[in-house]
Amino acid sequence: MAGTDPEVVVGELLARHGRTFADELGVDVPADTAEAMFELLVFALLASARIRTSIAVAAFRALRDQGWTTTAAAMSETSWADRTRVLNQSGYARYDESTSRILADACGYLLDTYDGDIRRLRDEADHTPERERLLLQKIKGIGPVGADIFLREAQAAWDELVPYADQRALQSAGDLGLPRDVRTLSALVEREDIPRLVAALVRTRLEHDAEEVRRQAASHGG
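From a predicted model like this one, the values you see are computed outputs, not experimental measurements.

Calculation notes
- Residues numbered from 1 in each chain as written.
- Predicted model: local features only at pLDDT ≥ 70, side-chain atom pairs only at ≥ 80, totals over all residues.
- Heavy atoms only, no water.
- Helix = DSSP H or I, 4+ residues; strand = E, 2+ residues; numbered from the N terminus.
- Contact = heavy atoms within 4.5 Å.
- Polar contact = N/O pair within 3.5 Å; in protein donor to acceptor, adjacent residues only side chain to side chain.
- Core = buried A, V, L, I, M, F, W, Y, C linked by side-chain atoms within 4.5 Å.
- Buried < 20%, exposed > 50% of the residue type's maximum accessible area, 1.4 Å probe, protein only.
- Lys, Arg positive; Asp, Glu negative; His and termini not counted.
- Salt bridge = Lys/Arg side-chain N within 4 Å of Asp/Glu carboxyl O.

A.B. asks: Sorry, what's going on with the environment of aspartate 148 here?
C.D. replies: Secondary-structure assignment places aspartate 148 in helix H10 (residues 144–154). The spacing of aspartate 148 and glutamine 137 is 11 residues in sequence and 10.0 Å in space, taken between C-alpha atoms. Excluding its chain neighbours within four sequence positions, the residues that come into contact with aspartate 148 are Arg133, Tyr164, Asp166 and Arg168. Of note is the side chain of aspartate 148, whose polar atom sits 2.5 Å from the side chain of tyrosine 164.

Shown next, in the form of structure tokens:
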């Protein structure tokens, strides 16, 4: 398997896991609307807790079903008790109360600082990835992990981020025998597929199936 063509490995990886989390959630990040980017931020906040990603996905969907993920203002108008109840019922039980408070704080900050539009953070950062990552972490509930989740997915819309892969994704690339250098890695796919590739690397890490991906790639590669 050591000699398997990286492009074959990437092909197998994308076939198995090549869907961004935004696509899974039905969030149109490439459109770069205020609503889509706010929804991505909400998911990043939920997913950065020490829980399974599937629980964060379920929690996001539950909040959206209530109509609360459209804007920071809409989320802010909800009560702590209602947010806690919806999070708890979606399976986000361990962090429901604290996350309910954090969502309110994050939305308050967004409204006060960016008039609720996360795209204004991008403008304040002068479209500089390092600055965007720093400013994201000023939002309550968004630490380094949350910032990475947001930026990995946001690169589908924000060209200055391309290519963006955090250390978790690059570690997964190494486990698959792929380059750990983000630019070398991203050169294996077209620009529009970079977010899918990075998401696939994260998913294979979550599924612990790197060996199976390599085995299948080796069989396909002859």
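A.B. asks: Sorry, what's going on with the nonpolar core here?
C.D. replies: One recurring pattern in soluble globular proteins: nonpolar side chains tend to sit buried together. Leu136 and Phe150 are the most contacted members of the largest nonpolar core, which has 73 residues in total. Per element, the largest residue contribution to this core is 11 residues, and it comes from helix H3 (residues 34–47). In contact with phenylalanine 150, other than residues within four places in its own chain, are Met37, Leu40, Leu41, Ala44, Ile118, Leu136 and Trp158.

A.B. asks: Mind showing me how you'd approach the side chain of glutamate 153 here?
C.D. replies: With respect to the helices and strands, the residue glutamate 153 is situated in helix H10. Buried within the structure, glutamate 153 lacks any salt-bridge partner; arginine 152 is the closest side chain of opposite charge, at an N-O distance of 5.5 Å. Of the polar contacts made by the side chain of glutamate 153, one reaches the backbone nitrogen of phenylalanine 21; its length is 3.1 Å. Within the structure, the side chain of glutamate 153 is placed 2.8 Å from the backbone nitrogen of alanine 22, a separation counted as a polar contact.

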